[in-house]
Amino acid sequence: MASASIHQAIHGYRDGHRLLSSSTPLPPEASRTMLVLSDMSGPSMQPGFDEYLTAYPLPGTDLFVLAKTWYAPEMQRPGCVWTHSLLIPRVNVARVPTMALLGAFRRPQLEGFESVVLKPVEVDEVTSGGTNQAGFADRGLAASLIGAVLGQPRPVIVVADTAAQFEAVFLRLWEELWPAERARFSFCTGALMPRANAAALLDLQAVPRAIPPSQFRKSASAALVLDLRAPVKTEGWMDLVLDGAERGDGTFRTWIEAAAGTHVGRTIMPSLAQIFGEWHAQGSSARSALASVVGAKGLDPDARSRLIGMVFNRANTESGATGRRELLQDLCRHRDNDLAPIATMLEDQTRRLFEESRTEGVALVLSLLGSELTEVGERVLRAAVLLLVPNDVETFGDTQAPFLSTIVGANPMLAQSPILWKRAGSRAIDVLSQLSGSNLAEEARGAVIDAIFTSGRDVSVDALVRFGGKVAIIRALTALASGQLPFSWQWRSALSAQPDTVLEWLESLSSPSLRDLELGSRFVSPKAKQSRLAAVWKSGTASVDSIVPRVAAFGLTLAIWEADVKSPLLAVCFQPTYDAAGNSRLEYEEWDWLRDQAPSVSWYRDWDRCERLAAALARLLEKRNASLETVFTIVHSRPAIRKIAAILDDDWDTRPYLKSLRKAAESSSTGTREQRDALL
């Protein structure tokens, strides 16, 4: 069995009332308090009051004092007393049996008393038992005292014939208090005049009946003066306190301790006792207990919060997560009392509900949507909505669908899943409009656009662009390039108005595919931002075996602008473009890119696109004095080589260059035999 080490002190007369011996030093404030409360409790001793108890928290320390005072007639000076004080750590006040404490008191003697208290006294701790069972033997007396002390906030003064008359009931009442209040409660069984601690009257004190009330009325004007001889009408809560004390099983005291906490004062007892009665009534449940808690009038907010927490624990024991959900539903619609002080606790209960059962958490959301909620109910609903994940939305029916936009406004993460957009149906535009007002980061907006595309939901292109801006354009280009998104005229119109963004998208690709280049060529012009476009086209065509005419024509336009015969774009793009022109596979837009860079050779052959392309290249090759190897790298087919040779031969100024090429072809193995034969 554990024991508590309790310091002790002796006060008595030695040239005045003073501390005579102690097992521990104390700070000045505590010493002064003990000096006053250890002295005789009035100006003169009254018969029957020559021994009494005093109990009080010691200011400036974590100690509680239980002291016994004896009148000391053996002293030569009248009015002297001995007081033996036990200094109990407050954490031990409720664990040390009262009877054990009373047994530790020793009346000092004139000789040898100092050595008795030089060491702490060891007292066994118990969790139950050790109670002064006789204290509440007179049920009427006990009820009167309980009603006076716990039923109102003022200090109580009891008129007594002797100090011992009410000592047992005082101690029993003190024992029934929960630990925090027991360590605060102060009393005196024999106050010859009303006593105070730190300028406040003790909570409960007995004064001699022989003292006329007029003598102490002024000093005790703030107190309730009680004559326990007068009959009192008991109330139901008093009987509950007495019943709990008589059972002695700790149920009542433990429950009260959990409900009251550490900061609530003793006057909460009437409310708590009534709730305790309903809590343990036959057939009661968590929901009926909740009704008694929220319906209690004047209940301290902290205590109400603790009680509701206890109700949730009970519900969880009775019916698991379902019980927790039902309580939350009840509280969200409760309007009789202001539950704002417990809103944070209810939000925490909502999170616990989702942790225990996501199904019940979603059921809570479904039950609250569209209901008439209090402000606290709205906070709970919002907390629940923030815990939703996309899969939860699949359980939403047509009744909840109208709330999807509001839900997504509170929890935008839901919109980053295709599930939400599939469930939104025709209300997708409302959901997107709600999201537009959210301060979403660029990455989050992009994730929403991706989710819409993945869902297959047909959402207005204008609405998507308004919502996502540049992000919507870039994500749409990616989806179009991968075939995820159909190439509609609405997207063609929207992308055509954003050529700079399209170019940024192309540049963001580490290695654009031919499909990416083909898509980009529909919305940007090779006649603008040529250097940036040339870099993109070189990256995308660096290692291709074949190339579609559109991409080739675009790249050739850029290559001719570069005017660099060693540009990889010329090597990749000229021959496919030439072949497409010869087979009439160049679209009007594609030829329009090249028209100005490939002027006609003569007015009557303006229609010959192959000749014009060959002429543009021939002039560039001659101007740059390109080597035979460079020429054959660019021009592959026999018809194209013969066409370029013919153009060079037609002009007196370019014939020397053609002659040098033919001479090189005759004396080297550069290119293929077919290429050399075509040139020669």
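Residues numbered from 1 in each chain as written. Predicted model: local features only at pLDDT ≥ 70, side-chain atom pairs only at ≥ 80, totals over all residues. Heavy atoms only, no water.

Things to note about the overall build of the protein
In step 1: If you tally the helices and strands in the protein, you get 33 helices and 12 strands.
In step 2: Relative to a compact globule of 680 residues, whose C-alpha radius of gyration would be 26 Å, the protein shows 48 Å and is clearly more extended.
In step 3: Principal-axis analysis of the C-alpha atoms places the extent of the protein at approximately 150 × 55 × 45 Å.
In step 4: For the protein, with 680 residues in total, the buried portion stands at 51%.
In step 5: Across the protein, contacts joining residues at least 24 apart in sequence account for 68% of those joining residues at least 6 apart. (Helix = DSSP H or I, 4+ residues; strand = E, 2+ residues; numbered from the N terminus. Rg over C-alpha atoms; globule rule 2.2 N^0.38 Å. Buried < 20%, exposed > 50% of the residue type's maximum accessible area, 1.4 Å probe, protein only. Contact = heavy atoms within 4.5 Å.)

Overview of empty space enclosed by the protein
In step 1: Taken as a whole and judged by the stated rule, the model has 2 cavities of 30 Å³ or more.
In step 2: Computed from the structure, the second largest cavity encloses a volume of approximately 50 Å³.
In step 3: When its residues are assigned to classes, the lining of the second largest cavity shows 8 nonpolar, no polar and no charged. (1 Å grid on protein atoms, 1.4 Å probe; cavity = no way out; pocket = protein on both sides within 12 Å on 5 of 7 lines; lining within 4 Å. Points joined across faces, edges and corners; volume = space filled by probe spheres on them. Nonpolar A, V, L, I, M, F, W, Y, C, P; charged D, E, K, R; others polar.)

Comments concerning the environment of V159
In step 1: Of note, V159 is situated in strand β7 (residues 156-160).
In step 2: Sequence spacing of V159 and G16 is 143 residues, and the spatial spacing of their C-alpha atoms is 30 Å.
In step 3: Every residue in contact with V159, bar those within four places of it in the chain, is listed here: F166, V207, R209, V225 and L226.

Some points on helix α3 (residues 139-150)
In step 1: Along its 12 residues, α3 runs 16 Å from first to last C-alpha, staying within 8% of the 16 Å computed at 1.5 Å per residue.
In step 2: Of all 12 residues making up α3, 10 are buried, and the element is well covered by its neighbours.
In step 3: Looking at α3, one finds that the buried residues are L141, A142, A143, S144, L145, I146, G147, A148, V149 and L150.
In step 4: Residues of α3 that are buried make contact with β7, α4 (167-176), β11 (204-208), β12 (224-226), α7 (236-247) and α9 (269-279). (Expected span 1.5 Å × (residues − 1).)

Brief notes about the packing of α9 against helix α11 (residues 301-332)
In step 1: Running from amino to carboxyl end, α9 crosses α11 at an angle of 10°, the nearest separation of the two axes being 13 Å. The angle between α9 and α11 falls in the class roughly parallel. Residues L272, I275 and W279 of α9 touch α11, and the partners they reach there are L307, M310, V311 and R314.
In step 2: Looking at side-chain class alone, the contact of α9 with α11 contains 6 nonpolar, no polar and 1 charged residues. (Axes fitted to C-alpha atoms, helices over the stretch in contact; angles between N-to-C directions. Parallel < 35°, antiparallel > 145°, perpendicular 65-115°, else oblique.)

A closer look at the layout of surface pockets
In step 1: If you add up the space inside the second largest pocket, you get close to 320 Å³.
In step 2: D458, V459, V461, L485 and W491 are the residues nearest the centre of the second largest pocket, which is lined by 18 residues in total.
In step 3: Contributing elements (two or more residues each) for the lining of the second largest pocket: α19 (442-455), α20 (461-468) and α22 (489-496).
In step 4: Ranked by residues supplied to the lining of the second largest pocket, first place goes to α22 with 4 residues.
In step 5: For the lining of the second largest pocket, a count of residues per class yields 9 nonpolar, 6 polar and 3 charged.

Re the nonpolar core
In step 1: Core analysis: the biggest nonpolar cluster contains 222 residues, and L204, W255, I308, L346, W421, W491 and W537 have the highest contact counts within it.
In step 2: The biggest single contributor to this core is α11, with 12 residues.
In step 3: Ignoring sequence-local partners within four residues, the contact set of W537 consists of L506, L517, S521, V551, F554, G555, L558 and L569. (Core = buried A, V, L, I, M, F, W, Y, C linked by side-chain atoms within 4.5 Å.)

Quick notes on the pairing of strand β1 (residues 3-13)
In step 1: The pairing of β1 with strand β6 (residues 121-124) spans 4 bridges and is classified as antiparallel. Looking across to β6, one finds that S5 is bridged to E122.
In step 2: Across 5 bridges, the pairing between β1 and strand β5 (residues 81-89) is antiparallel. Within the sheet, the bridge partner assigned to A9 lies in β5 and is S85. (Pairing = 2+ DSSP bridges.)

Details of unusual backbone geometry
In step 1: Phi at D15 takes a positive value of approximately 55°, unusual for a residue other than glycine.
In step 2: If you trace the backbone, D15 turns up in the loop between β1 and β2 (17-22).
In step 3: The class for D15 is exposed, based on a relative accessible area of 68%.
In step 4: At A198, a residue that is not glycine, the phi angle is positive and equals roughly 55°.
In step 5: Relative to the helices and strands, A198 resides in the loop between β9 (196-197) and β10 (200-201).

Here's the deal with the environment of Q205
In step 1: Among the secondary structure elements, Q205 is positioned in strand β11.
In step 2: The sequence separation of Q205 and I547 amounts to 342 residues, and the corresponding C-alpha distance is 104 Å.
In step 3: In contact with Q205, other than residues within four places in its own chain, are V156, I157, V158, F170, C188, A191, M193, P194 and R195.

So, the confidence of the model for the protein
In step 1: In the predicted model, the protein carries a mean pLDDT of 90, and 98% of its residues have values of at least 70.
In step 2: Of all secondary-structure elements in the protein, the lowest mean pLDDT belongs to helix α6 (residues 213-216), at 78, while strand β8 (residues 187-188) reaches the highest, 98. (pLDDT = per-residue confidence, 0-100.)

Section: helix α1 (residues 28-37)
In step 1: Of all the residues in α1, the buried ones are A30, T33, M34 and L37. Looking straight down α1, one finds its buried side chains confined to an arc of 95°; they lie on one side. The exposed residues of α1 that point more than 90 degrees off its buried face are P28, R32 and V36.
In step 2: Elements that come into contact with the buried residues of α1 comprise β1, β3 (51-57), β5 and β9. (Arc of directions from axis to C-beta.)

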